[in-house]
Amino acid sequence: MNRVNRLFLVGGLALAAQMACAQTTVKDPWVRGTVAQQKASGAFMQLTSAQGGKLISASSPVAGVVEIHEMAMDGNVMKMRAIPGLDLPAVKSVELKPSGYHVMLMDLKQQLKEGDTVPLTLVVEGKDGKRETLEVKASVKALAAGTK
Ligand SMILES: [Cu+2]
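Residues numbered from 1 in each chain as written. Predicted model: local features only at pLDDT ≥ 70, side-chain atom pairs only at ≥ 80, totals over all residues. Heavy atoms only, no water.

Visitor: Report on the overall build of the protein chain, specifying residues and quantitative values.
Guide: Along the protein chain, the regular secondary structure elements total two helices and 10 strands. Order of helices (α) and strands (β) in the protein chain, N terminus to C terminus: α-α-β-β-β-β-β-β-β-β-β-β. The buried share of the protein chain, reckoned over its 148 residues, is 40%. Long-range pairs, those at least 24 residues apart, make up 68% of the contacts in the protein chain with a sequence separation of at least 6. Counting only carbon and sulfur atoms, one obtains 55% of the accessible surface of the protein chain, whose full area is about 8,400 Å². (Helix = DSSP H or I, 4+ residues; strand = E, 2+ residues; numbered from the N terminus. Buried < 20%, exposed > 50% of the residue type's maximum accessible area, 1.4 Å probe, protein only. Contact = heavy atoms within 4.5 Å. Areas by Shrake-Rupley, 256 points an atom, 1.4 Å probe, with all protein chains shown as cover.)

Have a look at this one:
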């Protein structure tokens, strides 16, 4: 989180520089809305890395725990499980969607209502080992959106 804090302190110029050399882009980020008392939800988006890399962590102020998940067959049952990272092949867009990879938001601190914006911080490690921090604003879509 140090890097993020520093970005905020240094302000607009540094942020602009960060954007200019960003090698990973995020398209259409959204979070599934929740009902009251619901403690978990998922964030979805399309990630494209220019040089190839790996999504290694995610965090959000609305969730106590954030993990990167995949859906996988366990016997005859489709289950989700945490993975240490999500590979992003160069140039190829990787889709995080309700039936596949997703950013899992757990221990939610508030209800997520349609129209709300959820800030997400994603960390992508490039092939060269350099880490890139992406600040994403995901919009909350109604519960039924993109049902499995
Ligand atoms: Cu999950």
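Visitor: Mind laying out the coordination of the copper ion, listing which residues take part and the relevant values?
Guide: Protein ligation of the copper ion involves His69 (ND1), Met80 (SD), His102 (NE2) and Met104 (SD), the donor distances falling in the range 2.1 to 2.3 Å. Here the copper ion is ringed by four donor atoms whose angles at the metal span 100 to 115 degrees, and the overall shape comes out tetrahedral. Each donor residue of the copper ion lies on the same chain, and together they follow the pattern H-x10-M-x21-H-x1-M. Highlighted residues: histidine 69 in strand β4 (residues 63–74) and methionine 104 in strand β8 (residues 102–108), separated in sequence by 35 residues. The class of methionine 104 is buried, set by a relative accessible area of 7%. (Donors = N, O, S within 2.8 Å, 3.2 Å for Na, K, Ca; no water. Tetrahedral: all angles 85-135°; square planar, octahedral: opposite > 155°, others 65-115°.)

Visitor: Break down the pattern of salt bridges for me, citing the residues and quoting the values.
Guide: Considering all chains together, one arrives at three salt bridges under this definition. Glutamate 70 serves as the salt-bridge partner of arginine 81, at 2.8 Å between the closest nitrogen and oxygen. Pair noted here: arginine 81 is in strand β5 (residues 77–82) and glutamate 70 is in strand β4, with a separation of 11 residues, a long-range link. Here glutamate 70 falls in the buried class, since its relative accessible area comes to 16%. Of the charged contacts in the structure, one is a salt bridge between arginine 131 and glutamate 125, with a shortest N-O distance of 3.0 Å. (Salt bridge = Lys/Arg side-chain N within 4 Å of Asp/Glu carboxyl O.)

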